[in-house]
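# Architecture and fold: a report
Here's the letter readout for the chains.
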Amino acid sequence: SRFAYLSSGTWSLMGIEVPEPIITEESYAMNFTNEGGVDGTVRFLKNITGMWLLEQCRAVWSRQGREYSYEEIVRMTEGAAPSPGVIDPDAAEFAAPTDMPQAIRAWCAAHGVPSPADDAALMRLIFDSLAAKYAEVLGKLRRLAPFEIECLHVIGGGAQNDLLNRMTADAVGIPVVAGPAEATALGNIMVQARAAGVVSSLAEMRRYIGRSIETKTYQPKK
């Protein structure tokens, strides 16, 4: 269980699985939450904004007559130069703006971050900022975890986001294991199988899932 998990999608959360709640002044200051999990485990986690930023930008660009497929976004992001600075994806200004690209540029201006010159640079800024945020939160988890975190498991829809997974691995400096995408449904099935007596433990449940789905591992370049 020496892993952290990232449930990645429009909204994300990152955490670890522990046997007992972590309740300290430091965890309170960092705004981490303890939630009950299966078999008496505790999910110690923090909520993070996810692809909401890009989804809202795409909606604005679409209204302006610019439609970008995911493949085009990947190509444009990879072709753009690394961002000279990053935004805070969790900033209140990004919670529900009417114009996300404008909100991002306004945040950059207010915080001394160079404003992205075009759509490609804005895409790159979002990906760079999410990867940086994941690394920041993982760093906090490492200070609070009762074990050394050796890899990051990405689950949910974001597990299929190849570009963000690669960038996240480079940012966090440990392997990123992506999958399953349908983690909630699989978890529900396994808990029902446990109730029916088909499986007997959390470890066995994970073995069944591990044999049933393919995962992809991203090694950090550093």
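Residues numbered from 1 in each chain as written. Predicted model: local features only at pLDDT ≥ 70, side-chain atom pairs only at ≥ 80, totals over all residues. Heavy atoms only, no water.

Looking only at helices and strands, one finds 8 helices and 7 strands in the protein chain. Within the protein chain, buried positions represent 47% of all 222 residues. If you take every contact in the protein chain between residues at least 6 apart in sequence, the share linking residues at least 24 apart comes to 70%. (Helix = DSSP H or I, 4+ residues; strand = E, 2+ residues; numbered from the N terminus. Buried < 20%, exposed > 50% of the residue type's maximum accessible area, 1.4 Å probe, protein only. Contact = heavy atoms within 4.5 Å.)

Met 14, Ile 16, Phe 94, Ile 104, Leu 141 and Ile 149 are the most contacted members of the largest nonpolar core, which has 59 residues in total. It is helix α5 (residues 119–144) that provides the largest number of residues to this core, a total of 13 residues. In this view, Ile 16 contacts Phe 3, Ala 4, Tyr 5, Ile 22, Val 42, Arg 43, Phe 44, Leu 141, Ala 145, Pro 146, Phe 147 and Ile 149; residues no more than four positions away in its chain are not counted. If you look at the next biggest cluster of nonpolar residues, it comprises 5 residues, including Phe 3, Tyr 5, Leu 13 and Cys 151. (Core = buried A, V, L, I, M, F, W, Y, C linked by side-chain atoms within 4.5 Å.)

Following the criterion strictly, the structure yields 4 aromatic pairs and no others. Consider the rings of Trp 11 and Trp 52, whose centres lie 5.0 Å apart with planes at 25 degrees: the pair is stacked. Here the residue Trp 11 occupies a position in strand β2 (residues 11–18), and Trp 52 occupies one in helix α2 (residues 52–63), the gap between them amounting to 41 residues. By relative accessible area, which is 47% here, Trp 11 ends up partly exposed. Their ring planes at 10 degrees and their centres at 4.9 Å tell us that Phe 32 and Phe 44 sit as a pair that is stacked. On the criterion of sequence distance, the pair formed by Phe 32 in the loop between α1 (25–29) and β3 (33–36) and Phe 44 in strand β4 (residues 42–49) is long-range, its members being 12 residues apart. Phe 32 gets classed as buried once you look at its relative accessible area, which sits at 10%. Positioned above the aromatic ring of Phe 32 is the side chain of Lys 46, whose terminal nitrogen or guanidinium carbon lies 5.8 Å from the ring centre. (Phe/Tyr/Trp six-rings, centres within 6.5 Å; stacked < 30°, edge-to-face > 60°. Lys NZ or Arg CZ within 6 Å of the ring centre and 35° of its normal.)

Now for the sheet that holds strand β5 (residues 151–155). Strand order in the open sheet made by the 7 strands is β3-β4-β2-β1-β5-β6-β7, with mixed pairing throughout. Edge positions in the sheet fall to β3 and β7 (216–218), since each has one partner strand and no second. Within the sheet, the average angular offset between the axes of one strand and its neighbour, ignoring direction, is 30 degrees. In the packing of α5 onto the sheet, the strands contacted are β1 (3–7), β2 and β4, and the crossing angle to β4 comes to about 155 degrees. (Pairing = 2+ DSSP bridges. Axes fitted to C-alpha atoms, helices over the stretch in contact; angles between N-to-C directions.)

What follows is about the packing of α2 against α5. Axis separation between α2 and α5 bottoms out at 10 Å; the angle between their running directions is 165 degrees. Classified by the angle between their axes, α2 and α5 sit roughly antiparallel to one another. Taken as a pair, α2 and α5 cross one another with a handedness that is right-handed. Here Leu 53, Leu 54, Cys 57 and Trp 61 of α2 lie close against α5, whose contacting residues are Asp 119, Leu 122, Met 123, Ile 126, Phe 127 and Leu 130. In the contact of α2 with α5, the residues fall into 9 nonpolar, no polar and 1 charged. (Parallel < 35°, antiparallel > 145°, perpendicular 65-115°, else oblique. Left-handed = near helix turned anticlockwise from the far one by under 90°. Nonpolar A, V, L, I, M, F, W, Y, C, P; charged D, E, K, R; others polar.)

With that out of the way, let us pick up the pairing of β4. The side chains of a regular strand alternate, first on one face of the sheet and then on the other. In terms of residue burial, β4 counts as a mostly covered element, since 6 of its 8 residues are buried. Pairing of β2 with β4 involves 8 bridges; the strand directions are antiparallel. Residue Leu 13 lies in a different strand from β4, and its bridge partner there is Asn 47. Where β3 meets β4, 4 bridges bridge the pair, whose relative direction is antiparallel. Bridge pairing links Glu 35 to Arg 43 in β4. Counted along the chain from β3 to the antiparallel partner β4, the turn is 5 residues long, and its residue Asp 39 has a positive phi close to 60 degrees.

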